[in-house]
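# Geometric and topological summary
This is what each chain is made of:
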Amino acid sequence: MLKVKPPDGYPPEAGRYVRGNDYSPVAVCTILDTFDFAIPPELNELVMAGTDSGAALSGMLQTENIGLEKMICNIVANPNIRYMVLCGRESSGHLPGEALLALKQNGIDEAKRIIGSKALTPHLANIPTELIDRFNRQIVSIINLLCKPGERDIKVPGLNPKVIEDAVRGCYQEAPVVFMGYTLYDMGAYPEPAIYHKIVSKLVQPQSHPEATQPGKSKMGLGLVLHKLLPQTDCQKCGKKTCLAFAIDLAKGKLHLEDCPYLDQPEFAENRRALAKLLE
């Protein structure tokens, strides 16, 4: 079975990840659906479950553009990685999990926009098309355990460290095994040399979705930021159908933090302070 040593300087891009076994055939991608300073412990546990069970890389993905680009750079720099485990909760607005799945299924168009993605700015403008094509050839399957936004039950597969460990272990078996409908085994390294690419410059403003650049849409952007700090229960007790709708009206000044009954609870105290600061 072919295995290769990653090049010097691997992984080329820094990020919120842990480096594990360089010769492992799998990487774990946990979606980060909140801010860096408010990472829930259950997401950290998923990252460590990936590393502890033998993943080559296990980390968090927060955005559908530069975050995804950095992840692609790190993956194609290690031809041993042939699978990805996608877990955690989807992040409303950014939709990085959906963007990753759409990239694998559809690729990109001439403007380097991920075809079929519903994210606001799913553009991979900072990396060559060569890297994107190589990523899609090298990764044979993304094991999709992604949970819906706001999911809190750690017993569901995408938030369960034990399930993540089982998925990783399935990828490095010599004989094929079936895991939740996926046939997994270690097929060896991708039969082309590693591509070492470090992002030198980043576009300040990549091409945006039309809705993101129309006049009057600035409050939408703030609403998406606020939404990450809300309980995301979609309880409708505030009078809105979803927490995202509440966040947008919060950004417009039509609603107030007091209108959310959950934000008075102790476990959301830090989030409430962060929300208040953003609304100053």
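Small disclaimer: the values here were computed from a predicted structure and weren't measured.

## Some remarks on the overall build of the protein chain
Within the protein chain, the secondary structure is distributed over 9 helices and 7 strands. By principal-axis analysis of the C-alpha atoms, the protein chain measures approximately 60 × 40 × 30 Å. Relative to its full complement of 280 residues, the protein chain shows a buried share of 51%. Considering only residue pairs separated by 6 or more positions, the protein chain has 72% of its internal contacts joining residues 24 or more positions apart. Of the roughly 13,000 Å² of accessible surface on the protein chain, 53% is carried by carbon and sulfur atoms.

## Looking at the nonpolar core
Core analysis: the largest hydrophobic core is formed by 32 residues, its most contacted members being Leu68, Ile72, Leu100, Leu103, Leu124 and Phe135. Elements with a minimum of two residues in this core: strand S2 (26–31), strand S3 (57–61), helix H2 (66–76), strand S4 (83–88), helix H3 (96–106) and helix H4 (129–138). No other element matches the 6 residues that H2 contributes to this core. Not counting chain neighbours up to four residues away, the residues in contact with Leu100 comprise Cys29, Leu68, Met71, Met84, Leu86, Phe135 and Ile142. In this structure, Cys87, Ile143, Cys147 and Leu159 belong to the second largest nonpolar core, which totals 24 residues.

## Observations concerning the pairing of S4
Taking burial as the measure, the 6 residues of S4 include 6 buried ones, the bulk of the element. Neither face of S4 is open: one carries Tyr83, Val85 and Cys87, the other Met84, Leu86 and Gly88, and all of them are buried. Here 6 bridges tie S2 to S4, and the two strands are oriented parallel to one another. Counted as the bridge partner of Val28 is Val85 from S4. Pairing geometry for S4 and strand S5 (residues 141–144), over 4 bridges, is parallel. If you follow Leu86 over to S5, its bridge partner there is Asn144.

## A word on H3
Three or more residues of H3 are buried, namely Pro96, Gly97, Glu98, Ala99, Leu100, Ala102 and Leu103. Buried positions along H3 lie against S2, S3, H2, S4, H4 and S5.

## Here's the deal with the environment of Leu100
Within the secondary structure layout, Leu100 lies in helix H3. Each C-alpha atom, one on Leu100 and one on Pro122, is 9.3 Å from the other, the two residues being 22 residues apart in sequence.

## Points about the pattern of salt bridges
What the rule picks out here adds up to 10 salt bridges. Across the pair Arg19 and Asp22 runs a salt bridge whose closest N-O atoms are separated by 2.6 Å. Across the pair Glu258 and Arg272 runs a salt bridge, and its minimum N-O distance is 3.1 Å. One end of the pair, Glu258, is in the loop between helix H8 (243–252) and helix H9 (269–278); the other, Arg272, is in helix H9, and 14 residues separate them in sequence. Here Glu258 falls in the exposed class, since its relative accessible area comes to 55%. Through salt bridges with shared partners, one network takes in Asp33, Glu42 and Arg89.

## Digging into the sheet that holds strand S1 (residues 17–19)
What links the strands of a sheet is backbone hydrogen bonding, and the strands pair in either a parallel or an antiparallel sense. If you walk across this open sheet you meet the 5 strands as S1-S3-S2-S4-S5, and the pairing is mixed. For this open sheet the edge positions go to S1 and S5, each flanked by a neighbour on one side alone. Sheet twist, expressed as the mean angle between neighbouring strand axes with direction ignored, is 20°. Against the sheet, H2 makes contact with S1, S2, S3 and S4, and its axis sits at roughly 170° relative to S3, the strand it touches most. The sheet contacts of helix H5 (residues 161–171) involve S2, S4 and S5, and relative to S4 the element is tilted by about 175°.

## With respect to the confidence of the model for the protein chain
Counting all residues, the mean pLDDT for the protein chain is 90, and 94% of those residues have values of 70 or more. Between residues 207–217, whose pLDDT stays under 50, and residues either more than four places distant or in other chains, the model counts 12 contacts.

Cut-offs applied
- Residues numbered from 1 in each chain as written.
- Predicted model: local features only at pLDDT ≥ 70, side-chain atom pairs only at ≥ 80, totals over all residues.
- Heavy atoms only, no water.
- Helix = DSSP H or I, 4+ residues; strand = E, 2+ residues; numbered from the N terminus.
- Buried < 20%, exposed > 50% of the residue type's maximum accessible area, 1.4 Å probe, protein only.
- Contact = heavy atoms within 4.5 Å.
- Areas by Shrake-Rupley, 256 points an atom, 1.4 Å probe, with all protein chains shown as cover.
- Core = buried A, V, L, I, M, F, W, Y, C linked by side-chain atoms within 4.5 Å.
- Pairing = 2+ DSSP bridges.
- Salt bridge = Lys/Arg side-chain N within 4 Å of Asp/Glu carboxyl O.
- Axes fitted to C-alpha atoms, helices over the stretch in contact; angles between N-to-C directions.
- pLDDT = per-residue confidence, 0-100.

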